[in-house]
Amino acid sequence: MKKTDNQALVIFGASGDLTERKLIPAVFNLFCGGFLPESYAVIGVSRSSFTDAAYRDKVVFNNEHLKSKPGATEENLKRFAKMVYYQAVDTKNTETYVQLKNRLEALDQEITTKSNYIFYLATPPSLYQTIANGLAENGLNNNENGWSRLIVEKPFGYDLASAKALNKGLLNSFSEEQIYRIDHYLGKETVQNMFVTRFANSIFEPLWNRNYIHRIEITAAEHVGVEKRGGYYDSSGALRDMIQNHLFQLVALVAMEPPVRPDAESIRNEKLKVFQSLRAYSDQDIKENVIRGQYLNSTVRGESISGYREEEGVNDQSKTETYVAMKFFIDNWRWADVPFYIRTGKSMPTRVTEVVIHFKPNHHHLFAHDSSLSNQQNVLVIRIQPNEGILLKFDMKIPGAGFNTEQVNMDFKYDELSNVYVPDAYERLILDCMQGDATLYARGDSTEAAWEFIDPILKAWEKDDSIPVYGYPAGTWGPENADNLIEGENMNWRYPCSNLTDDGNYCEL
Ligand code: BG6
């Protein structure tokens, strides 16, 4: 196990939802698993005034998201709460950073955190740069006595120009090695396993290219709508919220070349090359290859589901997309002319994220005359969530006379591994940052490269009103037009069920 230095985690945005829902529970799990160093502190920072005790009540003792954790015994909660502190900071007022600095120095003395700090920016993005500057002006960015790292939450930029400006601004105060751009999809165990499936086995990689793969499909469907986040979402939309970051990280892991070594720089170099190889869209390509949609109210099994425009915080004339499906190409030696189809949407029939590799059919249809089902494509499904696992579909002989074949499933599911603890994404990512490992964080150059591809779509949607936003009834698989993206006879999206192997039907609700 890698060594973890004594350190403190300073969370800006301490009274926000992310802190309570994800960050504190992740650190608590690390505490229960024995992953925290001997001296450790969490310092919540925001504008509100809390005493340490009041903040502990809020994020530990009264935190609904902690109570459900297996380790949440009274004893553990009490021991954990002692590591949690609070410091009020008005992020726009330089003077208050001095108070933060004094508090951190006092904690260094009290519990020997050794001047090692992670600053976690869980605030609105408009404050990222202000906070980074405020820290730097007070010497909290330096790596001389201890070390200092900055975790930046998504969204990283609103478009290409703002992402570039943010990178440039942060680099005035922190070096690239100190900046950890978080994408929680990279913290998911099944996402990391894609890398291992490809590069630890000799059977997949020789086939993993244009000679054997017909197309690649990625779906990230959510059952929920925008919930209470309408205000944020309405100025974001699915392209910014899911595609530019989470889905493109999946694309990079599926498409990258083998890295020289399994370390942060080698892996991130290869991912960057994928983004650089994306075939740029013309305005016409955007119209033909990118479908956007928005969910409409509907009634499912007698229950009425709100449409997007009726959600709290959403403009009732909004054209913001809650669904995107797109087809694109990666112009390099491995993937030339292999179509990639990706889609994401809210208010879909089920919550499911998966990567589907469709192999080309075999060249000679030996059994075609005996079975209508023969010569189907082999398919490898990498299920990211839920019912995490891998499924391979291949043809087998139906017992009896002749050579009739049928496609069968061979599958592995994570829940079959008893006694294996699968850490939550934030838990894994925070621990990596604590140990100085940026492998599962996005690098500045590749964030910009992903934006380069996405930006023209945003611009085209902005300037061309004739590009439709298709409505789809809440609880369905999105606009039917998305089916036309996939070329070829009998070719369609896979319609997955929440259960990995229970497929082939137009499942759920
Ligand atoms: C977040 C998006 O980054 O990812 C949300 O802002 C989305 O809109 C969420 O719901 C999905 O994450 P997961 O882990 O539930 O697939």
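Just so it is clear, the structure is predicted and the values come from calculations on it, not from any experiment.

Each value, and the rule that gives it
- Residues numbered from 1 in each chain as written.
- Predicted model: local features only at pLDDT ≥ 70, side-chain atom pairs only at ≥ 80, totals over all residues.
- Heavy atoms only, no water.
- Pairing = 2+ DSSP bridges.
- Helix = DSSP H or I, 4+ residues; strand = E, 2+ residues; numbered from the N terminus.
- Axes fitted to C-alpha atoms, helices over the stretch in contact; angles between N-to-C directions.
- Near = heavy atom within 4 Å.
- Polar contact = N/O pair within 3.5 Å; in protein donor to acceptor, adjacent residues only side chain to side chain.
- Areas by Shrake-Rupley, 256 points an atom, 1.4 Å probe, with all protein chains shown as cover.
- Salt bridge = Lys/Arg side-chain N within 4 Å of Asp/Glu carboxyl O.
- Buried < 20%, exposed > 50% of the residue type's maximum accessible area, 1.4 Å probe, protein only.
- Contact = heavy atoms within 4.5 Å.
- Parallel < 35°, antiparallel > 145°, perpendicular 65-115°, else oblique.
- Nonpolar A, V, L, I, M, F, W, Y, C, P; charged D, E, K, R; others polar.
- Lys, Arg positive; Asp, Glu negative; His and termini not counted.

**Notes on the sheet that holds strand β2 (residues 40-46)**
Then step 1. Pairing in this open sheet of 6 strands is parallel, and the strands run β3-β2-β1-β4-β5-β6 from one edge to the other. The open sheet has two edge strands with one neighbour each: β3 (84-88) and β6 (179-181). Going from strand to strand, the sheet's axes swing by 20° on average, the running direction of each strand aside.
Then step 2. Here strand β5 (residues 148-152) pairs with β6 via 3 bridges, running parallel. Within β6, the residue paired with Val 152 across the bridge is Arg 181.

**A look at the site of the ligand**
Then step 1. Around the ligand sit Lys 154, His 184, Tyr 185, Lys 188, Glu 222, Arg 229, Asp 241, Met 242, His 246, Lys 346, Arg 351 and Gln 385, and that is every residue in its neighbourhood.
Then step 2. His 184 is positioned such that a nitrogen or oxygen atom in its side chain is 2.8 Å from an oxygen atom of the ligand.
Then step 3. One of the side-chain nitrogen or oxygen atoms of Lys 188 is found 2.6 Å away from an oxygen atom of the ligand.
Then step 4. Protein coverage of the free-state accessible area of the ligand, which is 390 Å², stands at 81%.
Then step 5. When residues in the shell around the ligand are grouped by element, the largest group, 3 residues, is from helix α10 (residues 238-255).

**Side note on the pattern of salt bridges**
Then step 1. Within this structure, the stated rule accounts for 28 salt bridges.
Then step 2. Residue Arg 198 is joined to Glu 205 by a salt bridge in which the shortest nitrogen-to-oxygen separation is 3.1 Å. Take Arg 198 and Glu 205: they sit in the same class, and that class is buried.
Then step 3. Across the pair Lys 287 and Asp 464 runs a salt bridge, and its minimum N-O distance is 3.4 Å. Of this pair, Lys 287 sits in helix α12 (residues 283-289) while Asp 464 sits in the loop between α14 (444-463) and β17 (469-473); the two residues are 177 residues apart in sequence, bridging distant segments of the chain.
Then step 4. If you follow the salt bridges from partner to partner, you end up with Arg 198, Glu 205, Glu 257 and Arg 334 in one network.

**Focus: the environment of Arg 198**
Then step 1. Counting through the fold element by element, Arg 198 comes out in helix α8 (residues 189-200).
Then step 2. Looking at Arg 198, the relative accessible area reads 2%, which means it is buried.
Then step 3. In contact with Arg 198, not counting residues within four places along its chain, are Glu 205, Trp 208, Leu 253, Val 254, Ala 255, Met 256 and Arg 334.

**With respect to the packing of α8 against α10**
Then step 1. Closest axis-to-axis distance for the α8/α10 pair is 9 Å, and the angle between their directions is 10°. When the axis of α8 is compared with that of α10, the two are roughly parallel. For the pair α8 and α10, the contacting residues are Val 191, Met 194 and Arg 198 in the first and Leu 250, Leu 253, Val 254 and Ala 255 in the second.
Then step 2. Residue composition of the contact of α8 with α10, by class: 6 nonpolar, no polar and 1 charged.

**Remarks on the side chain of Asp 183**
Then step 1. Within the secondary structure layout, Asp 183 lies in the loop between β6 and α8.
Then step 2. Buried charge without a partner: Asp 183 forms no salt bridge, and the closest opposite charge is Lys 154, 7.6 Å away.
Then step 3. Those residues within four positions of Asp 183 in sequence are excluded, and the remaining contacts are Asn 245, His 246, Gln 249 and Leu 429.

**Overview of unusual backbone geometry**
Outside of glycine, negative phi angles account for most residues, and trans bonds account for most peptide bonds.
Then step 1. A cis amide bond links Lys 154 with the next residue in sequence, Pro 155, at an omega value of 0°.
Then step 2. Counting through the fold element by element, Pro 155 comes out in the loop between β5 and α7 (160-173).
Then step 3. Look at the link from Gln 385 to Pro 386: it is a cis peptide, with omega at -15°.
Then step 4. In this structure, Pro 386 sits in the loop between β14 (379-385) and β15 (389-397).
Then step 5. Phi at Lys 114 is positive, roughly 60°, even though this residue is not glycine.
Then step 6. Inspection of the secondary structure assignment puts Lys 114 in the loop between α5 (94-111) and β4 (117-121).
Then step 7. Overall, Lys 114 belongs to the exposed group, its relative accessible area being 53%.
Then step 8. Of note in this structure, Glu 227 is not a glycine but carries a positive phi near 50°.
Then step 9. One can find Glu 227 in the loop between β7 (213-221) and α9 (230-234).

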